[in-house]
Amino acid sequence: MSNRKSKNNNLIHAECLLQVQRTLRERFCHQSPHGNLFGIQVQYKHLIELLKRTAIYGESNSVLIIGPRGSGKTLLINHALKELMEIEVSENVLQVHLNGLLQINDKIALKEITRQLNLENVVGDKVFGSFAENLSFLLDALRKVPIVEDLISFDYGNCFNFLWTFGDRISSCPVIFVLDEFDLFVHHKNQTLLYNLFDISQSAQTPVAVIGLTCRLDILELLEKRVKSRFSHRQIHLMNSFGFPQYIKIFKEQLSLPAEFPDKLFAEKWNENVQRLSEDRSVQEVLQKQFNVSKNLRSLHMLLMLALHRITASHPFMTSADLMEANQLCSMDSKANIVHGLSVLEICLIIAMKHLNDIYEEEPFNFQMVYNGF
Amino acid sequence: MPPLEHVVLCREAQVSTLQSLFGERHHFSFPSIFIYGHTASGKTYVTQTLLKTLELPHVFVNCVECVTLRLLLEQILNKLSYLNASEGCSTEIICETFNDFVRLFKQITTVESLKTQTVYIVLDKAEYLRDMEANLLPGFLRLQELTDRNVTVIFLSEIIWEKFRPNTGCFEPFVLYFPDYSIGNLQKILSHDHPPEYSADFYAAYINILLGVFYTVCRDLKELRHLAALNFPKYCEPVVKGEAGERDTRKLWRNIEPHLKKAMQTVYLREISSSQWEKLQKEDTDPGQLKGLSAYTHVELPYYSKFILIAAYLASYNPARTDKRFFLKHHGKIKKTNFLKKHEKTSNHLLGPKSFPLDRLLAILYSIVDSRVAPTANIFSQITSLVTLQLLSLVGHDDQLDGPKYKCTVSLDFIRAIARTVNFDIIKYLYDFL
């Protein structure tokens, strides 16, 4: 009788655990946009204000979000955009997401913008003289919301002045350009894309908001003079400025199950366990070590993910041993590992090389010299 | 399919880590995993076997084959579309840039069968990715974020992660180490492929002996397997001939030991090929000196060619400023300060031959040959034939007819042998032996 009960328990447990794994994995690996914002409330307010001004009042803006890797830039912008879209006035706001890793030159970038604005059929086979013309054409096309796609005689060179004969609204759609890995766009030829985007944000044609995300603090020095002058020099810095007690709080929050979890009883037990863990001495030591190495949340997520994958039906609650093991996995010295695997002969050769290096102070050597030393 | 533990030996910890990381099919996993370890430590084998056994949708690409970006991206996309194509063959996909790749990837993975599961992309020999476009490695590390799909990219490499990291940082993958096999593990794995005619114990004893000889030199599993396969027939010989039983370990050891030592000098260093080795074993006579690659006997050359070769050697291994001292009859006073060697210990011989122009070669040649030598076409054609024989090598473009540069590629022993045949004391003229 008790056997069946425990088996039932086990089944329920297994179900729960799968659910737990699923929720937490999504949180750690997938960076779901439902995450909380820790310590960046001020920056968030700033950003959302800016975006609202573009969407509602038609003001053009540009801003750079700067912060080291893993400090939450993408999270911030995604959160802000999500909130923006929920406001009813912003139903005609268009978003264009560009990434420096994907769009490696301005031609590809322009094609991508066309594609994301769904203007491919409008542009068709037109040939444009310059980048600027192309971009203004696209933005003009948004000025009057198109209902019919065909155009009356089009003249190359008159792309600024063509008129829609069928058009309902005359208002322009605000466009939000999000440029990820902004520092890679800076290396394009003549920085044409950036120049044009900032130019448009300064002139009053269409309300655009240009938001750049980058990890380089010296990004302004990389911009050309003409681009820099058109940029509004607005910067939002995300500097991971929380202390260790806050770090522990973040750890607790990240590991706890949300209130919407189906099995309330299990969630409560889990959260209690998490509370106990956060007060445990050894866990705090592990967290302190991690905090000293890198403050950002990404490394914390990796640690938690490694501890998470040990959770099975027979080991349903996380223990401090799990976390310590995870920490060890994270902080392995890879060079020491590799040297461990070499044969004796290879190690002798490496010793000869190091010897040569020390004697001659960094002069190049070749195999003959090493063999001689050997 | 036999259970995983029987197919993959001595890697239980890594397999269990990977399995628990993968989780259930629909779970999210790390966006990128980096696996590193020595050669033949089982990275490719374990990953492939694991993915195949668990039947997870995966694409396996070896980066050595992909010399251009397009090859790599198209291979991945084609294999992926092949995964979910239940009917016939779909058309080949064309993909030129990483941007298109992301777009097409999103399209392909919206198919029902792939939408809910994690798709794995395995990139073997990932160190070649560093030499391709700069956006490729960071792009693949973030592929989950860029495509907004459930995908995990696994990188396999022998080089540690610290050498991969781009300058401005990137999305850090989870780094997993495949430790090298210990001697016990090696024994276990090597004994696994024993031929069925002999007992497992017999083969295990043989492997023991083999490891004892080769372990300090080589830990590479592939090499050891090759050596084991090559030398086993010799080991079995006494048993086959009936001189010893399977258990007479001492006799077998005495028989095989010199053989293995010889093998280390020759087959392991690839001085002679494996087929030569096998032939040698069959002959069973003491071959005396094995004609390996590094001991080729000297070639018979005509008289002037020998001098040309000697002159070339002197030109290669003596610095140009010392020519005056060696080759002029009256060289006057040479200041001592010019003469101090820059670094006492780096002799020119260790640094390798240097290149010299043709004029210098002829100048040295005329000074060392006693009788008068006319610069006939004969001399020049002899120089060219030396180049064909690969005793000299041409440096730079071979279109330069007016100022070709050469380099001498023979060893000191060789040139001494040649010099002896023409009664020329080469050591007197070498800067390193001053």
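Bear in mind the structure is a predicted one, so any value in this text is a computation, not a measurement.

*Asks:* How would you summarise the overall build of chain B if you had to cite specific residues and measurements?
*Replies:* Of the regular secondary structure elements, chain B holds 19 helices and eight strands. Across the 434 residues in chain B, those meeting the buried criterion constitute 49%. The long-range fraction of contacts in chain B, counting pairs at least 24 apart against all pairs at least 6 apart in sequence, stands at 73%. By element, 53% of the accessible surface of chain B is carried by carbon and sulfur atoms, the whole surface being about 22,700 Å².

*Asks:* Please provide a residue-by-residue account of the overall build of chain A, values included.
*Replies:* Along its length, chain A carries 18 helices and five strands. Taken over 374 residues, chain A has a buried fraction of 46%. Nonlocal contacts in chain A, meaning residues at least 24 apart in sequence, comprise 74% of its contacts between residues at least 6 apart. Carbon and sulfur atoms make up 53% of the accessible area of chain A, which totals about 19,500 Å².

*Asks:* Help me get a handle on the layout of surface pockets, residues and values and all.
*Replies:* Of the volumes computed, that of the second largest pocket is approximately 890 Å³. Surrounding the second largest pocket, 38 residues form its lining, Ser299, Met302 and Cys330 of chain A together with Glu172 and Pro173 of chain B being those nearest its centre. At six residues, the largest contribution of residues to the lining of the second largest pocket is made by helix α14 (residues 297-308) of chain A. Among the residues making up the lining of the second largest pocket, the classes are represented as 19 nonpolar, 13 polar and six charged.

*Asks:* How would you sum up unusual backbone geometry? Please name residues and give values.
*Replies:* Residues and elements named next belong to chain A. Backbone geometry at histidine 233 places phi at a positive 55°, although glycine is not the residue there. Relative to the elements of secondary structure, histidine 233 occurs in the loop between α10 (225-230) and β5 (235-237). Taking the relative accessible area as the measure of exposure, histidine 233 reaches 42% and is therefore partly exposed.

*Asks:* Which residues make up the packing of helix α13 (residues 281-293) of chain A against α14 of chain A, and what are the values?
*Replies:* Residues and elements named next belong to chain A. At their nearest, the axes of α13 and α14 sit 10 Å apart, and the two run at 145° to each other. The two elements α13 and α14 meet at a crossing, and its hand is right-handed. Contacts from Val286, Leu287 and Gln290 of α13 reach α14 at Ser299, Leu300 and Leu303.

*Asks:* Describe the confidence of the model for chain A, listing the residues and the values that go with them.
*Replies:* A residue-level look at chain A finds 80% of positions with pLDDT of 70 or above and a mean pLDDT of 77. Scored below 50 in pLDDT, residues 145-170 of chain A makes 32 contacts in the model with residues more than four places away or belonging to other chains.

*Asks:* Break down the pairing of strand β3 (residues 119-124) of chain B for me, with residues and values.
*Replies:* Residues and elements named next belong to chain B. The buried fraction of β3 amounts to six of the six residues, a majority that puts the element mostly inside the structure. Burial along β3 is two-sided: Val119, Ile121 and Leu123 facing one way and Tyr120, Val122 and Asp124 facing the other are all buried. In this sheet, β3 lies alongside strand β2 (residues 58-62) in parallel orientation, the contact comprising five bridges. Following the sheet pairing, asparagine 62 is matched in β3 by aspartate 124. Note: β3 against strand β4 (residues 151-157), five bridges, orientation parallel. Bridging from a neighbouring strand, tyrosine 120 pairs with threonine 152 of β4.

*Asks:* Break down the interface of chain B and chain A for me, with residues and values.
*Replies:* Each partner contributes to the interface: chain B provides 50 residues, whereas chain A provides 44 residues. Together chain B and chain A conceal approximately 4,300 Å² of surface at their shared face, both sides included; 61% is due to carbon and sulfur atoms. Here chain B is connected to chain A by one salt bridge. For glutamate 181 of chain A, the salt bridge goes to arginine 142 of chain B, with nearest N and O atoms at 3.7 Å. Seen at the junction of chain B and chain A, the total is nine residue pairs in polar contact (both at pLDDT 80 or more). Partitioned by chemical class, the residues of the side of chain B that touches chain A number 21 nonpolar, 17 polar and 12 charged.

*Asks:* How would you explain the sheet that holds strand β2 (residues 94-99) of chain A if you had to name every residue and give the values?
*Replies:* Picture the strands of a sheet paired through backbone hydrogen bonds; they go either parallel or antiparallel. Residue and element names in this part refer to chain A. In spatial order, the strands read β2-β3-β4-β1-β5; together these five strands make up an open sheet with parallel pairing. The sheet is open, and its two edges are formed by β2 and β5, each paired on a single side. Recorded for the sheet is a direction-independent mean angle of 15° between the axes of neighbouring strands. Where helix α8 (residues 192-202) meets the sheet, it contacts β1 (61-66), β2, β3 (175-180) and β4 (208-214), and its direction lies at approximately 140° from that of β4.

*Asks:* So what about the side chain of serine 32 of chain B? Which residues, and what values?
*Replies:* All names here are of chain B. Within the secondary structure layout, serine 32 lies in strand β1 (residues 32-37). Residue class for serine 32 comes out buried when judged on its relative accessible area of 1%. Residues contacting serine 32, with those up to four places away along its chain left out, are Leu141, Val153, Phe155, Phe171, Pro173 and Phe174.

*Asks:* Before we move on, can you summarise the packing of aromatic side chains with the specific residues and values?
*Replies:* For the structure shown, the criterion picks out 27 aromatic pairs over all chains. A ring pair is formed by phenylalanine 22 of chain B and tyrosine 120 of chain B, whose centres lie 4.5 Å apart and whose planes are at 50°; its orientation type is tilted. Pair noted here: phenylalanine 22 of chain B is in helix α2 (residues 12-22) and tyrosine 120 of chain B is in strand β3, with a separation of 98 residues, a long-range link. Both residues of the pair, phenylalanine 22 of chain B and tyrosine 120 of chain B, count as buried. Taken together through their ring pairs, the aromatic side chains of Phe34, Tyr36, Trp161, Phe164 and Tyr177 of chain B make up a single cluster. Lying across the ring of tyrosine 195 of chain A, arginine 226 of chain A places its NZ or CZ 4.2 Å from the centre.

*Asks:* Can you explain the state of the cysteines? Please cite residues and give values.
*Replies:* Under the counting rule described, the total for this entry stands at zero disulfides over all chains. Free of any disulfide, cysteine 215 of chain A has its nearest cysteine sulfur in cysteine 170 of chain B, 10 Å distant. The class of cysteine 215 of chain A is buried, set by a relative accessible area of 19%.

*Asks:* How would you summarise the domain arrangement of chain B if you had to cite specific residues and measurements?
*Replies:* Each assigned domain of chain B is listed with its residue range as follows: domain 1 (4-177), domain 2 (183-294) and domain 3 (303-329 + 348-429). Distance between the C-alpha centres of domain 1 of chain B and domain 3 of chain B: 54 Å.

*Asks:* Describe the sheet that holds strand β6 (residues 356-357) of chain B, naming the residues involved and giving the relevant values.
*Replies:* Residue and element names in this part refer to chain B. Pairing is antiparallel across the open sheet formed by three strands, whose spatial order is β6-β8-β7. At either end of the open sheet lies a strand with only one pairing partner, and these are β6 and β7 (392-395). Sheet topology note: the β6/strand β8 (residues 405-408) ladder contains two bridges and is antiparallel. The residue bridging proline 357 from the neighbouring strand is lysine 405, located in β8. On top of the sheet, helix α18 (residues 377-388) reaches β7 and β8; it is set at about 95° to β7, its chief contact.

*Asks:* How would you explain the environment of aspartate 413 of chain B if you had to name every residue and give the values?
*Replies:* Take aspartate 413 of chain B: it is sitting in helix α19 (residues 412-421). Once the C-alpha coordinates of aspartate 413 of chain B and glutamine 187 of chain B are considered, the two residues, 226 residues apart in sequence, prove to be 42 Å apart.

*Asks:* Which residues make up the pattern of salt bridges, and what values go with them?
*Replies:* Scanning all chains against the criterion turns up 14 salt bridges over all chains. Here the residues in one salt-bridge network are Arg69 and Glu181 of chain A together with Arg142 and Glu145 of chain B, joined through shared partners.

*Asks:* Outline the environment of leucine 56 of chain B, listing residues and values.
*Replies:* Residues and elements named next belong to chain B. Here leucine 56 is to be found in the loop between α3 (43-53) and β2. Distance in space between the C-alpha atoms of leucine 56 and glycine 212 is 41 Å, their sequence separation being 156 residues. Those residues within four positions of leucine 56 in sequence are excluded, and the remaining contacts are Phe22, Arg25, Leu51 and Tyr120.

The rules we used
- Residues numbered from 1 in each chain as written.
- Chains lettered and ligands numbered in written order.
- Predicted model: local features only at pLDDT ≥ 70, side-chain atom pairs only at ≥ 80, totals over all residues.
- Heavy atoms only, no water.
- Helix = DSSP H or I, 4+ residues; strand = E, 2+ residues; numbered from the N terminus.
- Buried < 20%, exposed > 50% of the residue type's maximum accessible area, 1.4 Å probe, protein only.
- Contact = heavy atoms within 4.5 Å.
- Areas by Shrake-Rupley, 256 points an atom, 1.4 Å probe, with all protein chains shown as cover.
- 1 Å grid on protein atoms, 1.4 Å probe; cavity = no way out; pocket = protein on both sides within 12 Å on 5 of 7 lines; lining within 4 Å.
- Points joined across faces, edges and corners; volume = space filled by probe spheres on them.
- Nonpolar A, V, L, I, M, F, W, Y, C, P; charged D, E, K, R; others polar.
- Axes fitted to C-alpha atoms, helices over the stretch in contact; angles between N-to-C directions.
- Left-handed = near helix turned anticlockwise from the far one by under 90°.
- pLDDT = per-residue confidence, 0-100.
- Pairing = 2+ DSSP bridges.
- Buried area = accessible area lost by both parts, 1.4 Å probe.
- Salt bridge = Lys/Arg side-chain N within 4 Å of Asp/Glu carboxyl O.
- Polar contact = N/O pair within 3.5 Å; in protein donor to acceptor, adjacent residues only side chain to side chain.
- Phe/Tyr/Trp six-rings, centres within 6.5 Å; stacked < 30°, edge-to-face > 60°.
- Lys NZ or Arg CZ within 6 Å of the ring centre and 35° of its normal.
- Disulfide = S-S within 2.5 Å.
- Domains from an automatic or database assignment.

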